[in-house]
Amino acid sequence: MTPADLADLLKTTAAAVLAEHGLDTSALPETVTVERPRNPDHGDYATNLALQVGKKVGANPRELAGWLATALAEHAGIAAADVAGPGFVNLRLEASAQNVIVTDVLAAGADYGHSDALSGQDINLEFVSANPTGPIHIGGTRWAAVGDALGRLLSTQGARVVREYYFNDHGAQIDRFTNSLIAAAKGEPTPDDGYAGDYIKDIAAAVLAKEPDALSLSESEMRETFRAIGVDLMFTHIKQSLHDFGTDFDVYTHEDSMHTSGRVEQAIARLRDAGSIYEKDDAIWLRTTDFGDDKDRVVIKRDGAPAYIAADIAYYLDKRERGFDLCIYMLGADHHGYIARLKAVAAALGEDPATVEVLIGQMVNLVRDGQPVRMSKRAGTVITLDDLVEAIGVDAARYSLIRSSVDSPIDIDLELWSSASNENPVYYVQYAHARLSALARNAAELGVVPGTANLQLLNHDKEGTLIRNLGEFPRVLRTAASLREPHRVSRYLEDLAGDYHRFYDSCRVLPQGDEAPNELHAARLALCQATRQVIANGLGILGVSAPERM
């Protein structure tokens, strides 16, 4: 009996109990929740359903809990049902009832935990979108890991997810990048507002290698040469770094295309038709305050140049016209104002603001020997994706960035995350998978085959704890997808790895000496196989490898 099965049983039983006592069954929630108590002495699962509906139907919650407990105890899969506190019901399952979870995992394999909760939803997931003026810094690296994991997570729940990178190749930052390259090519100091670092010198040298006469061209031709080649080289490096990090995109959209294609003008015309545009101080403004923003926004500046929001408006409209039901933007810590702004843009265009969702990621700091690491070997002023991967590897880098809620700043201890110890969370989880893989190899050598025919033999308390945690995986994925919180998957995996290690220390899986394999060995090996599958599934969602040897 999975947690979902138990929730269904609880709802059906509660409806029957309420009807039997002449009480309103419509007071029952659409979804009933059962939870694993923190204290295993309180049972395998617990529910507060009686507390939720007791007062609504005019019944004493504890008395209602007693009626529920009595009815539930009559079910074949329930070993015991007891009332606790003001109206909680604690449940213990028959071993045969809970052990079906092992069968479910093995039957579903790589699809275990998947659901159709988001089936039919087309989601555009835009993340990283770093300017092509330098390597991806550590903040963008956090989104490269979290965004990719979120895309995988949403896909497990049936959504069609398109990962998109918005290529900011229009505006003042590209001019500063170009000026920096030209200065480096001429051997001049970096401009005051320019970009520094050895990578600028390398790109400038690469431009000259491609166009040896670039510095002899006219001013406009020289600038265009350094701009076009330099941006292309920088973006090629960014894409390669992301690919090596395990993050790839389905679509790359150029900001410049919003202007050159006429989409900006089309979006402004639509806003004008909707009455959301006005002119003031020789500029064109959008009435975003009518839709919840803190101030109106300039769309076209007084010099006739489009403001940055102009491309944002066109880009959102472009996404909607491509058929996306939901547009998720994953932005940096300094972009809180974009939440109300982008939702106001959607409303001003006559679209549902709920089609816009903005996630804000907080800062990341690297620490070595207790001291902050501030300078990059190549970028000069910021820590980059490449720096982090060089220090601790791809798996540890991804896991360390995903493991915490994006609402919280994080410090990454390079010594900890590069260590082969149980204090290193990614090592702890990967070691559990490697240990399970070694167990499977040893079992094959001994001729022990996993079997599900006698799962009722799995009645040790450590077996029960491990099995129930396997049963939680589908709910963890649904919750993590709904809340956009991939870190819940990593924390679950750490709990599961701990349950497995404690099970292994208490329950001998393989025969020893001249002992012949028996049904208990087969059942325990099946449990181990299921655990290995769930760990692999979870690590796959995080984009982290599941090693068979360590």
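Quick caveat, the model's predicted, so the values are computed rather than measured.

Caption draft 1: Up close: the overall build of the protein. Each helix and strand counted, the protein has 20 helices and 14 strands in total. Taken along the three principal axes of its C-alpha coordinates, the protein extends 85 × 65 × 40 Å. Looking at the 550 residues of the protein, the share that counts as buried comes to 50%. Partitioning the intrachain contacts of the protein with sequence separation of at least 6 by distance along the chain shows that 70% fall at a separation of at least 24.

Caption draft 2: Up close: the nonpolar core. Core analysis: the largest hydrophobic core is formed by 135 residues, its most contacted members being L6, V128, L154, F177, L242, M330 and I412. No other element matches the eleven residues that helix α20 (residues 519-542) contributes to this core. If sequence neighbours within four positions are ignored, L242 has contacts with V128, I136, A144, Y165, T247, F249 and L385. Grouped together as the second largest cluster of nonpolar side chains are 34 residues, A267, I277, L331 and A348 included.

Caption draft 3: Quick peek at the state of the cysteines. Counted under the stated rule, the structure contains zero disulfides. The thiol of C507 is not disulfide-bonded; the next cysteine sulfur, from C528, is found 9.2 Å away. A relative accessible area of 1% means that C507 is categorised as buried. Overall, the relative accessible area of 3% leaves C528 in the buried class.

Caption draft 4: The sheet that holds strand β12 (residues 364-368), seen in detail. Pairing is mixed across the open sheet formed by three strands, whose spatial order is β13-β12-β14. Looking at which strands have only one partner, the edges of the open sheet turn out to be β13 (371-373) and β14 (410-413). Put simply, the sheet's adjacent strands are angled 45° from each other on average, direction ignored. Relative to β14, β12 is paired through four bridges, and the arrangement is parallel. Bridge assignment links L366 to a residue of β14, and that residue is I412.

Caption draft 5: Up close: empty space enclosed by the protein. Considering all chains together, one arrives at one cavity of 30 Å³ or more under this definition. Taken as a whole, the largest cavity encloses approximately 40 Å³ of empty space. Lining the largest cavity are P135, I136, H237, I238, S241, T384, L385 and D386. Elements with a contribution of two residues or more to the lining of the largest cavity: α9 (219-244) and α14 (385-392). In terms of residue count, α9 provides more of the lining of the largest cavity than any other element does, three residues in total. The residue makeup of the lining of the largest cavity, split by class, is four nonpolar, three polar and one charged.

Caption draft 6: Region of interest: the packing of aromatic side chains. Tallied over the entire structure, the rule returns 16 aromatic pairs. Summarising the aromatic geometry, the rings of F473 and Y492 are spaced 5.4 Å apart at their centres and angled 35° between planes, so their arrangement reads as tilted. Here the residue F473 occupies a position in helix α18 (residues 461-483), and Y492 occupies one in helix α19 (residues 487-506), the gap between them amounting to 19 residues. Residue F473 shares its accessibility class with Y492, and that shared class is buried. Look at Y500 and F503: their rings are 6.1 Å apart centre to centre, the planes differ by 45°, and that puts the pair in the tilted class. Of the two residues, Y500 and F503 are both situated in helix α19; the distance of three residues between them amounts to about one turn of the helix.

Caption draft 7: View of the side chain of E164. Positionally, E164 belongs in strand β5 (residues 160-167). Only 3.0 Å separates the side chain of E164 from the side chain of Y315, close enough to count as a polar contact.

Caption draft 8: View of the packing of helix α6 (residues 138-156) against α18. Between α6 and α18, the least distance of the axes is 9 Å, while the angle of their chain directions is 120°. Here α6 is positioned oblique relative to α18, judged by the angle of their axes. For the pair α6 and α18, the crossing hand works out as left-handed. Across the interface between the two elements, L153, L154 and T156 of α6 pack against L477, A480 and A481 of α18. Grouping the constituent residues of the contact of α6 with α18 by class yields five nonpolar, one polar and no charged.

Caption draft 9: Representation of unusual backbone geometry within the structure. One non-glycine residue, D281, lies in the positive phi region at around 55°. Topologically, D281 is positioned in the loop between β7 (277-280) and β8 (283-286). In this structure, D282 takes a positive phi of about 65° despite not being glycine. One can find D282 in the loop between β7 and β8.

Caption draft 10: Highlighting the pairing of β7. Where β7 lies against β8, four bridges are found, and the strand directions are antiparallel. Bridge pairing links E279 to I284 in β8. In this antiparallel pair of consecutive strands, β7 and β8, the connection spans two residues, and D281 shows a positive phi of 55°.

Cut-offs used in this document
- Here, residues in each chain are numbered from 1, in the same order as that chain's written sequence.
- Local features in this predicted model are restricted to residues of pLDDT 70 or higher, and side-chain atom pairs are both shown and tallied only at a pLDDT of 80 or more, whereas totals for entire chains, interfaces and linings draw on every residue.
- Side-chain metrics in this entry use all non-hydrogen atoms of the structure; hydrogen atoms and water are not considered.
- We count a stretch as a helix when DSSP gives it H or I for four or more residues in a row; a strand needs E for two or more, and each element gets its number in order from the N terminus.
- Relative accessibility under 20% of the residue-type maximum defines a buried residue, over 50% an exposed one, and the middle range a partly exposed one, all with a 1.4 Å probe and only protein chains included.
- When checking whether two residues touch, look at their non-hydrogen atoms; a contact exists if any pair is within 4.5 Å.
- To define a nonpolar core, start from buried Ala, Val, Leu, Ile, Met, Phe, Trp, Tyr and Cys residues and group those joined through side-chain atoms within 4.5 Å.
- Disulfides are defined as pairs of cysteine sulfur atoms found within 2.5 Å of each other.
- Strand pairing follows a simple DSSP-based rule, namely that at least 2 bridges must link the two strands.
- Helix axes are fitted to C-alpha atoms over the stretch in contact, other axes to C-alpha atoms as well, and angles between N-to-C directions run from 0 to 180 degrees.
- Using a grid of 1 Å spacing that covers the protein atoms alone, one calls a set of points a cavity when a 1.4 Å probe fits there but cannot get out, and a pocket when the set is open and has protein on both sides within 12 Å along at least five of seven lines; lining residues are those with an atom within 4 Å of a point.
- Grid points are joined across faces, edges and corners, and a volume is the space filled by probe spheres set on the points.
- Any residue that is not Ala, Val, Leu, Ile, Met, Phe, Trp, Tyr, Cys, Pro, Asp, Glu, Lys or Arg is counted as polar, Gly included; the first ten are nonpolar and the last four charged.
- By convention, a stacked pair of Phe, Tyr or Trp rings (six-membered ring in the case of Trp) has centres within 6.5 Å and planes under 30 degrees apart, an edge-to-face pair has planes over 60 apart, and any other such pair is tilted.
- Residues adjacent in sequence count toward polar contacts only when both atoms are side-chain atoms; beyond that, a polar contact is any pair of N or O atoms within 3.5 Å, and within protein one must be able to donate a hydrogen and the other to accept it.
- Angular relationships are summarised with four words: roughly parallel below 35 degrees, roughly antiparallel beyond 145, roughly perpendicular across 65 to 115, and oblique for the angles in between.
- For any pair of crossing helices, the crossing counts as left-handed if the nearer helix is rotated counterclockwise from the farther one by less than a right angle, and right-handed if it is rotated clockwise.

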